[in-house]
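# Architecture at a glance
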Amino acid sequence: MRTQVAIIGAGPAGLLLSHLLTRAGVDAVVLETRSQEYVASRIRAGILEQSSVDLLTEVGLGDRLRAEGHEHRGIYLQWPGERHHLDFVDLTGRTVWVYGQTEVQKDLVAAGTAEVRYEISETTVHDVETSRPYVTYVDARGTAQRLDADVIAGCDGSFGPSRNAVPAETYERTYPYSWLGILADVAPSTDELIYAWHPNGFALHSMRSPTVSRLYLQVPNGTDPASWPDDRIWEELGRRLGHGQDGWKLTPGPITDKSVLPMRSYVQTPMRHGNLFLAGDAAHIVPPTGAKGLNLAIADVTLLAKALVARFRERSDALVSSYSDDALRRVWRCTHFSWWMTTMLHTGGDPFDAQLQLSQLKWVTSSTAGATGLAENYAGLPIGF
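Structural notes, computed from the coordinates. In this text the structure is predicted, and so the values were computed from the model without any measurement.

Cut-offs and rules
Residues numbered from 1 in each chain as written. Predicted model: local features only at pLDDT ≥ 70, side-chain atom pairs only at ≥ 80, totals over all residues. Heavy atoms only, no water. Pairing = 2+ DSSP bridges. Helix = DSSP H or I, 4+ residues; strand = E, 2+ residues; numbered from the N terminus. Axes fitted to C-alpha atoms, helices over the stretch in contact; angles between N-to-C directions. 1 Å grid on protein atoms, 1.4 Å probe; cavity = no way out; pocket = protein on both sides within 12 Å on 5 of 7 lines; lining within 4 Å. Points joined across faces, edges and corners; volume = space filled by probe spheres on them. Parallel < 35°, antiparallel > 145°, perpendicular 65-115°, else oblique. Left-handed = near helix turned anticlockwise from the far one by under 90°. Contact = heavy atoms within 4.5 Å. Core = buried A, V, L, I, M, F, W, Y, C linked by side-chain atoms within 4.5 Å. Buried < 20%, exposed > 50% of the residue type's maximum accessible area, 1.4 Å probe, protein only. Phe/Tyr/Trp six-rings, centres within 6.5 Å; stacked < 30°, edge-to-face > 60°. Lys NZ or Arg CZ within 6 Å of the ring centre and 35° of its normal.

### Thoughts on the sheet that holds strand β9 (residues 121-126)
The strand order β9-β10-β11 describes an open sheet built from three strands, whose pairing is antiparallel. With one partner strand each, in any of the chains shown, β9 and β11 (144-148) form the two edges of the open sheet. Sheet twist, expressed as the mean angle between neighbouring strand axes with direction ignored, is 15°. Two elements, β9 and strand β10 (residues 134-138), share four bridges in a ladder whose sense is antiparallel. What sits directly across from S121, in β10, is V138.

### Quick word on the layout of surface pockets
Within this model, the second largest pocket holds a volume of roughly 360 Å³. If you trace the second largest pocket, you find 19 residues lining it, with T343, H346, G348, D353 and Q357 closest to the centre. Contributing elements (two or more residues each) for the lining of the second largest pocket: β13 (169-184), α10 (318-345) and α11 (351-366).

### A word on the packing of helix α1 (residues 12-23) against helix α9 (residues 293-314)
The geometry of α1 relative to α9 is characterised by a closest axis approach of 9 Å and an angle of 30° between their N-to-C directions. By the criterion of interaxial angle, the relationship of α1 to α9 is roughly parallel. Every pair of crossing elements has a handedness; the one defined by α1 and α9 is right-handed. On α9, the residues that touch P12, A13, L16, L17, L20 and L21 of α1 are L294, A297, I298, V301, T302, L304, A305, L308 and V309.

### Structural notes on the nonpolar core
Of all hydrophobic cores here, the largest spans 68 residues; its most connected members are V5, I7, L16, L17, L21 and L48. The greatest single-element share of this core, amounting to 12 residues, is contributed by α9. What L21 contacts, discounting residues up to four positions off in sequence, is V5, I7, V26, A28, A305, L308 and V309. Grouped together as the second largest cluster of nonpolar side chains are 34 residues, W179, Y216, L361 and L374 included.

### Observations regarding the pairing of strand β2 (residues 28-31)
Strand residues, when the strand is regular, have side chains that alternate between the two faces of the sheet. Taking every second residue as pointing to the same face, both faces of β2 are buried, with A28 and V30 on one and V29 and L31 on the other. Judged from the four bridges that link them, strand β1 (residues 5-8) and β2 form a sheet pairing that is parallel. Its bridge partner lying in β2, I8 is registered against L31. Looking at chain direction, β2 and strand β8 (residues 116-117) are connected through two bridges and run parallel. The partner of L31 across the bridge, within β8, is R117.

### A word on the sheet that holds strand β19 (residues 276-278)
With mixed pairing, six strands are arranged side by side in an open sheet as β8-β2-β1-β12-β19-β18. Two strands bound the open sheet, and with one partner strand each, they are β8 and β18 (272-273). Pairing geometry for β18 and β19, over two bridges, is antiparallel. Bridge pairing in β19 links H273 to L276. Contacts from α9 reach β1, β12 (151-154), β18 and β19, with the element oriented near 175° to β12.

### With respect to the packing of aromatic side chains
Summed over the entire model, instances satisfying the criterion amount to 10 aromatic pairs. Taken together, a centroid distance of 4.5 Å and an interplanar angle of 45° make the contact between W179 and Y216 tilted. Taken as a pair, W179 in strand β13 and Y216 in strand β16 (residues 212-219) lie far apart in primary sequence, 37 residues in all. Take W179 and Y216: they sit in the same class, and that class is buried. Residues Y195 and F202 carry aromatic rings whose centres are separated by 6.1 Å and whose planes lie at 40° to one another, so their mutual orientation is tilted. Each member of the pair, Y195 as well as F202, carries the same accessibility label: buried. Three or more aromatic residues joined by ring pairs form one cluster here, namely F88, W179, Y195, F202, Y216, F337, W340 and Y378. When the ring centre of W248 is taken as origin, the NZ or CZ atom of R83, which lies over that ring, is 4.5 Å away. It is K292 that lies over the ring of Y378; its NZ or CZ is 5.6 Å from the centre.

Rendered as structure tokens:
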């Protein structure tokens, strides 16, 4: 079997890349280890930047997003006794949208533009330094297969085979805390996301829909979700989010999902080796505090699609040659912003650090320059920045 672009990974990055290439007349085949149902059910990111929304709309994937997603003007920053709203529209003229990764995945599958081979195994890339790279794998029936291509795109996350096939420098920061995240069948208790600093640890009130809330608590690494019964979670969320403060109330509800998410930053450079290109989590990981993971993946594959279309349709390799540098410029900006949000809001028990964090929060919420910097990064820089 042969194609122009072999894409490893059928998450949003891989399916969006296939969609963009197919629209431009470039052939692609997507290979995925998991089942279609498993990939569709993964609960991940929930915030889309303005640039991501604009891109999805431009390529015919924005109808349901615009109809069912929820546009937000900004966020709240909070610490005990104080809550401040940052209005991104007033500060930058841009907004963000609450629209989960599972919904983006549904839209990509419904578009029907991707040719996907699900439930494969033993995926291996070969000869990526040559003009004839290929991928071998075992299909769902147990038959060995080979997919020849001109280019291989690794959109297979941090544990897929693509990352290890790229000789690269790696930069990593592991944080000394995790997030205990829940999904609850209860209407959100807030109109905008609340990012809360508290001596007990960070808390976040997010949402997925008018009837489903997504909330997080900072917990120690290695925390077992079973050690947090539902009543304890709601009690601690109420404490950290300021239940009763100025009359505000946190409404509890049935918890339908509970998990612990470790926090780390990771960047691999370069994002290309020969004719193997990395995109999304295969090349970088950010802590979720800055809401950048899915948006970075969208930016990566948008740049990569443009580069590959130029190669195949216009016989120009200029964008292919600059892809890694172009993508990494935005990756490092978003990595810094995610680190900055994380270290500003998560507590570590050091009184000196706590006072620095409070000073920074007070500056961001009282300075137009500080608030604009946060809003500009959170709502998203233009793709290609």
